[in-house]
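Fold and geometry: a report
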Amino acid sequence: MVFSSNIFLFLFLPAFLGLYYLTPFRHRSWVILLGSYAFYAWWRVDFLLLFVAVTLWNYVIGLGIHHSGIGTARARKWVAVGITGDLATLGYFKYANFGVDSLNGLFVSLGYQPLELAHIILPIGISFYIFQAISYVVDVYRGDTEPTRRFVDFAAFIALFPQLIAGPVLRYKDLADQFAYRTHTLEKFGEGAIRFMQGFIKKVFIADSIAPLADSAFALSDPSTADAWLGILAYTAQLYFDFSGYSDMAIGLGLMMGFRFVENFNQPYISQSITEFWRRWHISLSSWLRDYLYIPLGGNRGGVVSTYRNLLLTMLLGGLWHGANWTFLLWGAWHGGLLAIERALGVSGAPRSFRISRWLMTFLFVMVGWVTFRASTIGSAFEFYSAMFSFSGFELSGAYLKDIRGLNVAILILAYLIVVVMGMRDRFSWRLDGVRATPLRVVLPTLLLPVFLMAVLKLSAESFSPFLYFQF
């Protein structure tokens, strides 16, 4: 089930919230758990069993660590066993097909018979809930959080449906207190509803309207330079509005249930370096990679060479986390290499001034990376690069024009206007004073509601459109 569907909006969500608020606080984790399992099982019931098994596994591991004592050798064994089990599960379901296909390519080129392996289905959301489980085990080992006292709270945390499929990547230590106590007010519920509607509009009105520009460009067999640049500009905006729209909806649903989740985006396309970009894009994942991979690898404590190695390894594995394909490894290497170069040059990740040249250069680097991220193969990525930088054909091709509409281009322009205005607002701390801001806070929900309703009508009239990050 996805948020941008009629079954979710008109059946699941009202039923869930009604039951949730009719249930006494002490038992609401049960409502969250059962509701989240129903949400997940809507996709496939059989993979719900795997989900439950992962939850039980990490719950037991957490108790084992706690009973062994923080920092003891026995606790380290529990951590090793727990993480090995988690990574083995992720590796089998996410990377077995990729590994066998890669080996078979090598075997066939050497004249050997390929291996046979039945195609393994990727369980939806597995990359997110495995990472959340690992962070729980590690945090218990580090003493950053107590193991959960009630199994239902832990199971509800892992299954929490607003973030189950595509994040943000939450940590138990950040939500443990909220499972014990959280407020439910009309003001917080209204804040959540507004945030949910904003995300829904970003996804349905903007991202889905831009999608044909990107999809058609990447489907062309021989795109012109103009086709390729318009296509990657469209994909750059589509990915941001799609994924940040999902995060807004997740955060909004959390607020409607009384939770406050971490923010996942902060105007990433206003960044003046790749270092800054990763502080603003998919913040929950980049901070997870920093805390549970980069720092344990040694971070910047082992000298210059080790620091660059750790940066590159972290981004390579971060790329591989997104998908089992050489394209994601190349995308990770691109960002890891740029981060290493910026560190060598002393580029700040929190610049005090704004320089347009740095902004444009960073945006160009990000777009170049998105080509590999979007392409299905390394070969098709380099064909697209060839079209972008051959500078042959500065007009849109007939094959491209027949698949796109003027409205698609108009929405793309609107999307970039929003990116620039909101980015500049953040960069220069544009804020209305209290007198001017109060009427706006009153008017905004009134303006938002009809746009949201139009987005619902648009959704009803169109075909199913999953979020881009569901594939990860």
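As shown above, the structure is provided for reference.
So, here's what we can say about the structure. (Residues numbered from 1 in each chain as written. Predicted model: local features only at pLDDT ≥ 70, side-chain atom pairs only at ≥ 80, totals over all residues. Heavy atoms only, no water.)

Re the nonpolar core
Membership of the largest hydrophobic core comes to 89 residues, with the highest contact counts inside it found for Phe8, Tyr129 and Phe200. Discounting chain neighbours no more than four positions away, the residues touching Phe200 are Phe3, Ser4, Leu9, Phe205, Met249, Phe452, Ala455, Val456 and Leu459. Core analysis: the next-biggest nonpolar cluster, separate from the first, contains 52 residues, Ala228, Ala234, Tyr240 and Ile274 among them. (Core = buried A, V, L, I, M, F, W, Y, C linked by side-chain atoms within 4.5 Å. Buried < 20%, exposed > 50% of the residue type's maximum accessible area, 1.4 Å probe, protein only. Contact = heavy atoms within 4.5 Å.)

Overview of helix α10 (residues 225-256)
Here α10 is 32 residues long and its end C-alpha atoms lie 46 Å apart, about the 46 Å a rise of 1.5 Å per residue gives. Of all 32 residues that make up α10, 31 are buried, and the element is covered over most of its length. Immediately beyond the C-terminal end of α10, within one or two residues, lies Gly258, with a positive phi of roughly 95 degrees. (Helix = DSSP H or I, 4+ residues; strand = E, 2+ residues; numbered from the N terminus. Expected span 1.5 Å × (residues − 1).)

Quick word on the side chain of Asp208
One can find Asp208 in helix α9 (residues 186-219). For Asp208, the side chain forms a polar contact with the side chain of Lys203, separated by 3.0 Å. (Polar contact = N/O pair within 3.5 Å; in protein donor to acceptor, adjacent residues only side chain to side chain.)

Quick look at helix α3 (residues 46-68)
Over its 23 residues, α3 extends 34 Å from the first C-alpha to the last, a length consistent with the 33 Å expected when each residue adds 1.5 Å. Just beyond α3, the residue with positive phi is Gly69, at close to 100 degrees.

As for the environment of Tyr416
As for its position among the elements, Tyr416 is in helix α18 (residues 406-427). Judged by relative accessible area, which is 16%, Tyr416 ranks as buried. Each C-alpha atom, one on Tyr416 and one on Asn97, is 38 Å from the other, the two residues being 319 residues apart in sequence. Filtering out sequence-adjacent residues up to four positions away, Tyr416 remains in contact with Leu233, Thr236, Ala237 and Phe363.

Topic: the packing of aromatic side chains
How two aromatic rings sit relative to each other is set out by the distance from centre to centre and by the angle between their planes. With the rule as written, the count across this model stands at 66 aromatic pairs. Taken together, a centroid distance of 5.6 Å and an interplanar angle of 20 degrees make the contact between Phe277 and Trp281 stacked. On the basis of relative accessible area, Trp281 is assigned to the buried category, the value being 0%. A cation sits over an aromatic face here: Arg28 above Tyr20, 5.0 Å from the ring centre. (Phe/Tyr/Trp six-rings, centres within 6.5 Å; stacked < 30°, edge-to-face > 60°. Lys NZ or Arg CZ within 6 Å of the ring centre and 35° of its normal.)

A few points about a nonpolar patch on the surface
On the surface, Leu103, Leu106, Leu110, Tyr112 and Leu115 cluster together to form a nonpolar patch covering roughly 510 Å² of accessible area. Among the secondary structure elements, Leu115 is positioned in the loop between α4 (73-109) and α5 (126-142). (Patch = residues over 30% accessible without salt bridge, like charges linked within 9 Å, V, L, I, M, F, W, Y side chains within 5 Å. Areas by Shrake-Rupley, 256 points an atom, 1.4 Å probe, with all protein chains shown as cover. Salt bridge = Lys/Arg side-chain N within 4 Å of Asp/Glu carboxyl O.)

Describing empty space enclosed by the protein
Counted according to the given criterion, the structure contains 1 cavity of 30 Å³ or more. Of the voids in this model, the largest cavity is the one considered here, and its volume is about 30 Å³. If you go around the largest cavity, the residues you meet are Tyr240, Gln267, Pro268, Tyr269, Ile270 and Val419. Residues that form the lining of the largest cavity fall into these classes: 5 nonpolar, 1 polar and no charged. (1 Å grid on protein atoms, 1.4 Å probe; cavity = no way out; pocket = protein on both sides within 12 Å on 5 of 7 lines; lining within 4 Å. Points joined across faces, edges and corners; volume = space filled by probe spheres on them. Nonpolar A, V, L, I, M, F, W, Y, C, P; charged D, E, K, R; others polar.)

Some thoughts on the pattern of salt bridges
By the definition in use, this model includes 16 salt bridges. A salt bridge links Asp426 to Arg280; its shortest N-O distance comes to 3.0 Å. Pair noted here: Asp426 is in helix α18 and Arg280 is in helix α11 (residues 274-280), with a separation of 146 residues, a long-range link. Classification of Asp426 as partly exposed rests on a relative accessible area of 23%.

Here's the deal with the packing of helix α12 (residues 283-297) against helix α13 (residues 304-322)
The relative placement of two packed helices comes down to the angle between their axes together with the axis-to-axis distance. At a minimum axis distance of 10 Å, the contact between α12 and α13 shows a crossing angle of 135 degrees. Overall, the two elements α12 and α13 adopt an arrangement that is oblique. Handedness of the crossing formed by α12 with α13: right-handed. Only Thr307, Arg309, Asn310, Leu311, Leu313, Thr314, Leu317, Gly318, Trp321 and His322 of α13 make contact with α12, whose side of the interface consists of Leu285, Leu289, Leu293, Tyr294 and Leu297. (Axes fitted to C-alpha atoms, helices over the stretch in contact; angles between N-to-C directions. Parallel < 35°, antiparallel > 145°, perpendicular 65-115°, else oblique. Left-handed = near helix turned anticlockwise from the far one by under 90°.)

So, the environment of Pro114
Within the fold, Pro114 resides in the loop between α4 and α5. Residues Pro114 and Val100 lie 14 residues apart in sequence; the distance between their C-alpha atoms is 8.6 Å. Look past the residues within four positions of Pro114 in its chain and what remains in contact with it is Asn104 and Val108.

Examining the side chain of Ser135
Its location among the elements puts Ser135 in helix α5. Filtering out sequence-adjacent residues up to four positions away, Ser135 remains in contact with Leu170, Arg171, Trp288 and Tyr292.

Comments concerning unusual backbone geometry
Across residues other than glycine, the phi torsion is negative in most instances, and most of the peptide bonds are trans. Phi angles above zero are rare outside glycine, and Gln267 is one such case at about 50 degrees. With respect to the secondary-structure elements, Gln267 resides in the loop between α10 and α11. Take Gln267: its relative accessible area is 17%, and that puts it in the buried class. For Phe391, which is not glycine, the phi torsion reads 55 degrees and is therefore positive. As for its position among the elements, Phe391 is in the loop between α16 (378-390) and α17 (398-401). The class of Phe391 is partly exposed, set by a relative accessible area of 48%.

Fair warning: the whole summary comes from geometry, so function is off the table for now.
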